[in-house]
Amino acid sequence: MDVPELRDEFDASIANGLAFLRRRLTGDYEVDDFGFDADLTEHVFHPVLRQLYRHWFRTTVDGSKNIPAEGSALIVANHSGTVALDALMLCLAVHDETEPHRFLRLLAADFVFRLPMVSELARKSGATLACNPDVDRLLHDGHLVGVFPEGYKGVGKHYSQKYKLQRFGRAGFVSVALRNRKPIIPAAIVGAEEIYPLLGNIKPLARLIGAPYFPVTPTFPWLGPLGLVPLPSKWLIRFGDPIDTTPWADQADDPAVVFNLADQVRETIQGMLGEMLKERPDPFED
Amino acid sequence: MEKSDAPRVVVVTGVSRFLGAQIAAQIAADPRVERVIGLDRTDPPGEYQDLLRNVELRKSDLTRHSGSTLTKLRAEAVVHLAVVSSPDATKGGRAAMKEQNVIGTMHLIAACQQTESLKRLVVRSSTAAYGASFRDPAVFTEETEARDVPRGGYARDILDIEGYVRGFRRRRPDVTATVLRFAPFAGPAAETVLLKYFAQRVVPTVLGRDPRLQFVHVDDALEVLRRSVVEDHPGTFNVAGPGVITLAQAIRRAGRISLPVLEPLLQAATQMGGVSLDQVDLFVHGRVVDTTRLVREFGFTPRSTAQAFEDFIKSHQEGALVTPSRVESFLDMIEAVRRGRA
């Protein structure tokens, strides 16, 4: 039996694969100043992550109309899940829901750039160090920047604290948005809390490997590598209305204004999380 | 557009080496410049003899400089290029390198301070001045300061050299001091240690790191140097080709084979020579600089990093194994087989 369309499709994917291989082996691709490799991200990272995104986590997205089609903005989201898979899924949501597709440039902790492999993958997928010069440059160049103000406090919190936003620290992201006159888009991610429920933290081991924490989950480290398989929770990602920061643009150094706005963003995200959890009472529903 | 008149007497240090010889010859060809005096501790190699025919050569060891030469010459501009980026085992190794870089610069700057006639001082520096740290921003502007004292010898020398220039600026505010922080050089004629590394068949890299690199084309570096001498450009400038290439990209474009090595092993290899700590740090962290200030102030944009490196590759085809053209023809073959079957 011969199915011509199927064979054409197969043929096309082989041809694309060869073209990709050709670019990679000859070094004929572009990398930006931050090390972002769009070719590799679109053709290798995204297809792999998309399997998780679609089939494992069954992710649904709403509010994507709030992501601007062009120009820069700061997307601020809650952080959870022991390892930062939520950040990668957020990137994919932004990419797949925008037309033309846009890349979310993540800001990561210095710990990420300390590690071999991880640092390489981070830079190639568009992440850079969370520091003022880099954010200013990304926003100036018209990029969408992804921030998780909770940092380790969010991603490494105990399972009992799930969906409770942690402190926003210095709220540096607000100052950055004000200084650059860019909107803040609050985003809420439901589902990441359940993938690796964090029950404990082996501090001496964390210190030994220089990590912020060493996670203990119901499956890790007990099941070894199997414990690295995330639990198949149902994910929802929502983008809220953009917050215009231009009215306070001259007050980027006023802590009162900064904390006030940070609280507003925090409450918006917490509110969205509450609504979304009502829509998804069972974390492992279909 | 010349912002100020050209100096009549120019002194170039490090004239026996590529960059010094080239710039001395270029400036000597400028009709507004009356005399160009080239200083170096050794005589220039024979191949530069023709190039340097209009340059007065003087043998002078900067590390034992008396200080009166510049005054006697009534020097109006000094171009300090006697800065070595890597130790040469045949010429005293790292100790001699540090002696020349640090002590040599110190003596030269002291002499410059006493030279009343001086109008301009141009100093070769390097983007190594930014050091290497995990907490560094992705792109360095001239204002970025090194987070830690770098462990690489060259980077430490560069910080010392720039320190002396800072002191000089304070004491002689009447002199225009230009510090040029060059990215690694590339081009057909450049013979740096880093480029020799890329000319090997197999290029050791750090496992799990694909650093962002920048190069500046030697001809563009010379143009920026020339303009710094004949025009007035006070300040510190990054001089690099816009854009980046990663180490893996550079190796693939050059048709070389990369050999990823664990970082501690490559570090251990620094003891045996062939690779320096400066280079290991570069291969771990990479280094990218912002050239906005250079482009704005000099009205000159160097060719891109990719173009500069391409120019180097063209003249170094002999060691290449997996050249882009061989990869192309191999893939073409697969493509043809596949088509044939379909």
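In this text the structure is predicted, and so the values were computed from the model without any measurement.

Trainee: It is not clear to me how the overall build of chain B should be interpreted in this structure. Could you clarify?
Mentor: A tally of helices and strands in chain B yields 12 helices and 13 strands. Computed over the C-alpha atoms, the radius of gyration of chain B is 21 Å, within 12% of the 20 Å expected from 2.2 N^0.38 for a compact globule of 342 residues. Classification of the 342 residues of chain B by burial places 56% in the buried group. Counting contacts in chain B only where the partners sit at least 6 residues apart, residues at least 24 apart contribute 82% of the total. As displayed, chain B has an accessible area near 14,500 Å², and 52% of this comes from carbon and sulfur atoms.

Trainee: Please clarify how the overall build of chain A should be interpreted in this entry.
Mentor: Looking only at helices and strands, chain A features 10 helices and nine strands. Summarising its shape, the C-alpha atoms of chain A cover approximately 70 × 45 × 40 Å along the three principal directions. Burial analysis of chain A (286 residues in total) assigns 49% to the buried set. Considering only intrachain contacts with a sequence separation of at least 6, the fraction spanning at least 24 residues in chain A is 76%. Only carbon and sulfur atoms are counted for the fraction: they give 59% of the accessible area of chain A, which is about 13,600 Å².

Trainee: Looking at this structure, how should I read the interface of chain A and chain B?
Mentor: Note on interface size: it is often stated as the accessible area lost on association of the parts. Chain A puts 34 residues into the contact, and the matching count from chain B is 28 residues. A combined buried area of about 2,800 Å² lies between chain A and chain B, and 53% of that area is made up of carbon and sulfur atoms. Per-residue buried area on chain A facing chain B is highest for Arg22(A), Thr26(A) and Asp33(A); these three make up 23% of the total on that side. Scanning the region where chain A abuts chain B turns up four salt bridges. At the junction of chain A and chain B, the tally comes to 16 residue pairs in polar contact (both at pLDDT 80 or more). Among the elements that line the side of chain A that touches chain B, the one with the most residues is helix 1 (residues 4–26) of chain A, at nine residues. Its residues assigned to classes, the side of chain A that touches chain B comprises 15 nonpolar, five polar and 14 charged.

Trainee: What am I meant to see in the packing of helix 1 (residues 18–28) of chain B against helix 6 (residues 218–230) of chain B here?
Mentor: Two measures define how a pair of helices packs: the angle their axes make with one another and the distance between the axes. Residues and elements named next belong to chain B. Look at helix 1 against helix 6: their axes get within 10 Å of each other, and the N-to-C directions meet at 50 degrees. When the interaxial angle is binned, helix 1 and helix 6 end up oblique. Every pair of crossing elements has a handedness; the one defined by helix 1 and helix 6 is right-handed. Taken together, the residues of helix 6 that come into contact with helix 1 (itself represented by Phe18, Leu19, Gln22, Ile23, Gln26 and Ile27) are Val218, Leu222, Leu225, Arg226 and Val229. Of the residues in the contact of helix 1 with helix 6, the class split is eight nonpolar, two polar and one charged.

Trainee: Explain the sheet that holds strand 2 (residues 73–77) of chain A here, please?
Mentor: Through backbone hydrogen bonds, the strands of a sheet pair up, either in parallel or in antiparallel fashion. Residues and elements named next belong to chain A. Strand order in the open sheet formed by seven strands is 1-9-6-2-5-3-4, with mixed pairing between adjacent strands. A strand with exactly one partner marks an edge of an open sheet, and here the two such strands are strand 1 (60–62) and strand 4 (128–129). With three bridges connecting them, strand 3 (residues 104–108) and strand 5 (residues 144–147) associate as parallel partners. Residue pairing in the sheet places Arg105 in a bridge with Val145 of strand 5. Sitting on the sheet, helix 10 (residues 255–279) is in contact with strand 2, strand 6 (184–190) and strand 9 (236–239), with an inclination near 35 degrees to strand 6.

Trainee: Would you take a moment to explain helix 6 of chain B for this structure?
Mentor: Residue pairs spaced three or four apart in an α-helix point in one direction, given the helix's 3.6 residues per turn. Residues and elements named next belong to chain B. Look at helix 6: 18 Å from first C-alpha to last across 13 residues, which is about the 18 Å you get at 1.5 Å a residue. Where burial is concerned, most of helix 6 is hidden: 11 out of the 13 residues are buried. Within the span of helix 6, buried status applies to Val218, Asp220, Ala221, Leu222, Glu223, Val224, Leu225, Arg227, Ser228, Val229 and Val230.

Trainee: Is there a simple way to explain the sheet that holds strand 5 (residues 120–126) of chain B in this structure?
Mentor: Residue and element names in this part refer to chain B. The strand order 3-2-1-4-5-6-11 describes an open sheet built from seven strands, whose pairing is parallel. Each of the sheet's edge strands pairs with one partner strand only, and the pair in question is strand 3 (56–59) and strand 11 (235–239). Each neighbouring strand pair of the sheet contributes to a mean axis angle of 20 degrees, computed without reference to strand direction. Two elements, strand 2 (residues 35–40) and strand 3, share four bridges in a ladder whose sense is parallel.

Trainee: Just checking my understanding: could you explain the pairing of strand 4 (residues 77–80) of chain B for this structure?
Mentor: Each regular strand shows side chains that alternate between the opposite faces of the sheet. Residue and element names in this part refer to chain B. Burial of the side chains of strand 4 extends over both faces: Ala77 and Val79 are buried on one face and Val78 and His80 on the other. Taken together, the four bridges between strand 1 (residues 9–13) and strand 4 define a ladder with parallel strand orientation. Paired with Val12 across the bridge in strand 4 is Val79. Relative to strand 5, strand 4 runs parallel, the two sharing four bridges. Within strand 5, the position partnered with Ala77 by the bridge is Arg120. At this point the chain moves from strand 4, through helix 3 (residues 93–114), to the parallel strand 5, and the crossover so formed is right-handed.

Trainee: What is the right way to look at the pairing of strand 5 of chain B in this model?
Mentor: Residues and elements named next belong to chain B. Taking burial as the measure, the seven residues of strand 5 include seven buried ones, the bulk of the element. Of the strand pairs in this sheet, strand 5 and strand 6 (residues 176–182) are connected by seven bridges, and their pairing is parallel. Residue pairing for strand 6: Ser126 is matched across the bridge by Phe182. In this view, the connection linking strand 5 to its parallel neighbour strand 6 by way of helix 4 (residues 153–171) has right-handed handedness.

Trainee: How should the packing of aromatic side chains be read in this particular structure?
Mentor: Aromatic rings considered in pairs are described by the distance between their centres and by the relative angle of their planes. Counted by the stated rule, this structure contains 12 aromatic pairs over all chains. Seen in terms of ring centroids, Phe182(B) and Phe185(B) are 5.3 Å apart; in terms of plane orientation they differ by 50 degrees. Their pairing is tilted. Members of the aromatic cluster, connected to one another through ring pairs, are Phe198(B), Phe215(B), Phe309(B) and Phe312(B). The ring of Tyr29(A) has Arg24(A) lying over it, and the distance from NZ or CZ to the ring centre is 3.6 Å.

Trainee: Just checking my understanding: could you explain the nonpolar core for this structure?
Mentor: Taken as a class, soluble globular proteins show a tendency for nonpolar side chains to be buried jointly. Counting 65 residues, the largest nonpolar core has Val10(B), Val36(B), Leu180(B), Phe198(B), Phe215(B), Leu225(B) and Phe309(B) as its most contacted members. Every residue in contact with Val36(B), bar those within four places of it in the chain, is listed here: Val10(B), Val12(B), Ala24(B), Ile27(B), Ala28(B), Asn54(B), Val55(B) and Glu56(B). Residues Val76(A), Ala252(A), Ala262(A) and Val244(B) belong to the second largest nonpolar core, which totals 39 residues.

Trainee: Which parts of the structure should I look at to understand helix 10 of chain A?
Mentor: Residue and element names in this part refer to chain A. Compared with an ideal rise of 1.5 Å per residue, which puts 25 residues at 36 Å, helix 10 spans 36 Å between its outermost C-alpha atoms and is within 8% of the ideal. Val257, Val258, Leu261, Ala262, Val265, Ile269, Met272, Leu273 and Met276 are the residues of helix 10 that are buried. On its buried face, helix 10 sits against strand 2, helix 8 (172–180), strand 6 and strand 9.

The rules behind each value
Throughout this description, residue numbers start from 1 for each chain and increase along the sequence as written. Here the convention is simple: chains get letters from A, ligands get numbers from 1, in the order in which they are written. This being a predicted model, a pLDDT of at least 70 is required before a residue's local features are given, and a value of 80 or more before pairs of side-chain atoms are given or counted; all residues contribute to the totals for chains, interfaces and linings. As a rule here, side-chain values come from all non-hydrogen atoms in the structure, and water together with hydrogens is ignored. Here a helix means four or more residues in a row that DSSP labels H or I, a strand means two or more in a row labelled E, and each is numbered from the N terminus. Only C-alpha atoms enter the radius of gyration, while the globule expectation follows 2.2 Å times N to the 0.38, with N the number of residues. Burial classification: accessible surface area is computed with a 1.4 Å probe over protein chains only, and a residue below 20% of its type maximum counts as buried, one above 50% as exposed, and the rest as partly exposed. The contact criterion used throughout is that any non-hydrogen atoms of two residues lie within 4.5 Å. With residues, only the protein chains shown are counted as cover, and all accessible areas are computed by Shrake-Rupley using a 1.4 Å probe. When two parts are put together, the accessible area they lose, computed with a 1.4 Å probe and summed over both, is reported as buried area. The working definition used for a salt bridge is a side-chain nitrogen of Lys or Arg within 4 Å of a carboxyl oxygen of Asp or Glu. Contacts described as polar in this section are N or O atom pairs within 3.5 Å, which, within protein, must combine one atom able to donate a hydrogen with one able to accept it, while residues neighboring in sequence count only if both atoms come from side chains. Basically, the charged four are Asp, Glu, Lys and Arg, the nonpolar ten are Ala, Val, Leu, Ile, Met, Phe, Trp, Tyr, Cys and Pro, and anything else, Gly included, counts as polar. Axis definition: a line fitted to C-alpha atoms, over the contacting stretch in the case of helices. Angles run 0 to 180 degrees between N-to-C directions. Orientation is classified from the angle alone, with under 35 degrees giving roughly parallel, over 145 giving roughly antiparallel, 65 to 115 giving roughly perpendicular, and any other angle giving oblique. Crossings are classed by handedness, with left-handed meaning an anticlockwise turn of the near helix from the far one by less than a right angle and right-handed meaning a clockwise turn. Any two strands are treated as partners once DSSP identifies two or more bridges connecting them. In this scheme, a helix's expected span is set at 1.5 Å multiplied by one less than its residue total. When the strands point away from the viewer, a crossover counts as right-handed if the path from the first strand over the helix to the second runs clockwise. Each Phe, Tyr or Trp ring, with Trp reduced to its six-membered ring, pairs with another whose centre is within 6.5 Å; inter-plane angles below 30 degrees give stacked pairs, above 60 give edge-to-face pairs, and intermediate values give tilted ones. Both a distance and an angle decide whether a charge sits over a ring: NZ of Lys or CZ of Arg must be within 6 Å of the ring centre and within 35 degrees of the ring normal. Here, nonpolar core means buried Ala, Val, Leu, Ile, Met, Phe, Trp, Tyr and Cys residues that are tied together by side-chain atoms lying within 4.5 Å of each other.

Keep in mind these values describe shape, not function.
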